[in-house]
Amino acid sequence: MFSRPVARRRLAILFALGVDAAALVACSHAPPNESQKNPEPAGLTDAAVAQKDPLAADAATGTPEGYNGPYLYALFMQTPIMSDMEWPLPDGSHIQDPARAAVKRIGYLRRGGRVPVSPEAHRKANCLDGWYELLSGGFVCGKYATLDANHPRVKLAPHLPYMDQALPYEYGYNLTNGTPLYRTLPSRKDRAEFEPWLSARARPKRGIETDNPYATDLDAGAAAVTFSDLSGSVNTTDDFDAGATPWYLRDWDGGKPQVTLDDLNEDAQGPIVRRMVRGFYLALDKTEIDPRDKHKPEWQQTKWWKNTSGFFAPFDRVVENKNVSDFHGVWLDEPPPAGAPTTIGNPPRGDAGTEPITPYATTFPVGFILWNGHQYTLSDDGKHMTRGVEVARFTSVGLTGKTMVIGGNTFWETQNGWWMRNGDGRVTHPLPPPKDLAPNEKWIDVNLTSQTLVAFEGEKPVFATVISSGKKDRKNEDKTKNHETRQGIFRIREKHIAATMDGDVASDGPYSIEDVPWIMYFNGSIALHGAFWHSQFGNMKSHGCINMSPLDARAMFAWTDPPLPEGWHGVWATPEHPGTRVIVHDEEDDKRNGCTPENPGCRKPGVDNEGRPF
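This is a predicted model, so every value here is computed, not measured.

Reading the values: rules and limits
Residues numbered from 1 in each chain as written. Predicted model: local features only at pLDDT ≥ 70, side-chain atom pairs only at ≥ 80, totals over all residues. Heavy atoms only, no water. Buried < 20%, exposed > 50% of the residue type's maximum accessible area, 1.4 Å probe, protein only. Helix = DSSP H or I, 4+ residues; strand = E, 2+ residues; numbered from the N terminus. Pairing = 2+ DSSP bridges. Disulfide = S-S within 2.5 Å. Salt bridge = Lys/Arg side-chain N within 4 Å of Asp/Glu carboxyl O.

Visitor: Is there a simple way to think about the pairing of strand S25 (residues 452-457) in this case?
Guide: Taken residue by residue, a regular strand's side chains alternate between the two faces of the sheet. In terms of residue burial, S25 counts as a mostly covered element, since five of its six residues are buried. Relative to S25, strand S24 (residues 442-447) is paired through six bridges, and the arrangement is antiparallel. Within the sheet, the bridge partner assigned to Asp445 lies in S25 and is Val454. As consecutive antiparallel partners, S24 and S25 are separated by four residues, and within that stretch Gln451 has a phi angle of approximately 55 degrees, a positive value. Alignment of S25 against strand S26 (residues 460-466), held across six bridges, turns out to be antiparallel.

Right, dumping it as structure tokens:
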């Protein structure tokens, strides 16, 4: 049923610092598509920001009001935070040490990140630089952090993530096969050796305008983009011996190169970290000018992209994403935000008018218009529906729960009096609440059939949206193309502001997306997370994960448990702070299992973060 890609795990420094490498790999993703740059969060009032957006509210992140004390600065990309002044025992260890057996990694900081701290270092044999106690809880060994804001590793760290925007970083799309990622700015000699296309003999002959990476699977309204003299594939000629031609100089006829991530890393030499396949994404820190060119006119200067890991990619081989979908779900426990429009729909056609309605659901269930939706009006005799004005894509509407079937189509009555045709979008269909819920306990319902997500506090729905789950091989002919999201009851195990996801997928080849935003792992390498590379929410699109719009993923990241303290980049659930429950289900399976409001006990039991059933 569920086929997970073979994903490579990044081990070196992660295990050395006690960081779970499973957090950095996950499902692969849909082809690159419409993507966007950090708009302001939409639909949030000041009250909503305080209540729903602890990422942007200091009062909810552990910093005392008016705090002016010392901060601890992280020196490594994965600076671990421990539950006590001790290191955990390695997996499978036979050492009898109760103190170490009880200690857990509870989170980590990213290089340059800062956290309020008690300034006294507690020196122990296991950390000669001393353990620092964070005011938000947990301990950091001084070997991996400093109180000095001017430490070179802090000064040279990438910018802090944007916690008040839709995306924590800017992102870039790699345009060509073989683009090198350098450890430091390379010499001209290195560039001549590792970028053979820079010579006239090997220069690509076909422009990107005939090989546009955005030409397939475009979202509605996405503009075509052209780039001069950059090619996703190179026509090999007699200049190259066919048997010796590197993979990145061959013509793959628009397809993915037949290489693996291991091949890309083996291709690394000297100053190169690795080469990239066209379609890889980089998380961008900033642009830099080659210091050797600063005396030259601007048009002669060599520019580079520096990513959030501190590596460098040629500027002309990476295009920055300029936009991101502004779609977001709807909070059901608050009124429409101030300034919200009072009408929806495209300009009227003919004699049809646009009715004054509120395009902001305040009742449950919720419908989402995904395609060419329209308002429908029921005839006086209740036997016919008349199609009215168009309704904009991604409009959310509150429904009364009343339905009618006319002409083979199901229609839902909206809170505004018109009717929504079921085929025009998606309607939320959550399961009944679990029987063992604590009062007002948070939980999330993910419906794979309707491609919807509903967040609850106890029995009360508080947020609803549409998602993209794992794609199915509907013909069941090729298991490598079946990436259906596994059903079950889970808990969020860990949360990361951003982490790299990469892997090899038999049907799609290698993929790599640096710093995928707002990750909430709940089942192995499967997570709820933001997706900026497509906007096909409401349709199956992923290789197993639950894709959400950046704004929705950020909203759920802030709402779910465990909470992320100020300055932390990642946090793990603990028995004291368990993760929010996530229930993933399919309506057909619900029917087969007899799961109804009258029989909510039909679900199979899940397991918590310690492997205990619940």
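Visitor: Explanation requested: the state of the cysteines in the structure shown.
Guide: Working definition of a disulfide: a covalent bond connecting the sulfur atoms of two cysteines. The tally for this structure, following the rule as stated, stands at one disulfide. The disulfide bridge from Cys127 ends at Cys141, spanning 2.1 Å between sulfur atoms. Disulfide Cys127 to Cys141: torsion about the S-S bond roughly 95 degrees, handedness right-handed. With a gap of 14 residues between them, Cys127 in strand S6 (residues 127-133) and Cys141 in strand S7 (residues 139-141) connect regions that are remote in the sequence.

Visitor: Help me out: how do you make sense of the pattern of salt bridges in this one?
Guide: Charged atoms that come close allow side chains of opposite charge to pair. Applying the stated rule across the entire model yields 13 salt bridges. A salt bridge links Glu320 to Lys322, with the nearest nitrogen and oxygen atoms 3.5 Å apart. Lys322 sits in the exposed class, given a relative accessible area of 53%. A salt bridge links Arg491 to Glu441; the nearest nitrogen and oxygen atoms lie 3.6 Å apart. Separated by 50 residues along the polypeptide, Arg491 in strand S27 (residues 488-491) and Glu441 in the loop between strand S23 (425-427) and S24 bring together distant segments of the chain. According to the relative accessible area criterion, Arg491 is buried, its value standing at 14%. Each of Asp436, Glu441, Arg491 and Arg581 takes part in one network of salt bridges that share partners.

Visitor: Would you mind going over the pairing of strand S9 (residues 170-174) with me for this structure?
Guide: Buried residues dominate S9, accounting for five of its five residues. Of the two faces of S9, both are covered, the one formed by Glu170, Gly172 and Asn174 as well as the one formed by Tyr171 and Tyr173. Alignment of S9 against strand S15 (residues 318-320), held across three bridges, turns out to be antiparallel. Looking at S15, one finds that Asn174 is bridged to Val318.

Visitor: Honestly, unusual backbone geometry in this entry has me stumped. Any pointers?
Guide: The phi torsion of most residues other than glycine is negative, and most of the peptide bonds are trans. The step from Phe364 to Pro365 runs through a cis peptide bond, and the omega angle for that step is 5 degrees. Counting through the fold element by element, Pro365 comes out in the loop between strand S16 (330-331) and strand S17 (366-369). Note the cis peptide between Asp561 and Pro562, where omega equals 5 degrees. A positive phi angle is found at Asn440, which is not glycine, with a value near 60 degrees. Along the chain, the position of Asn440 falls in the loop between S23 and S24.

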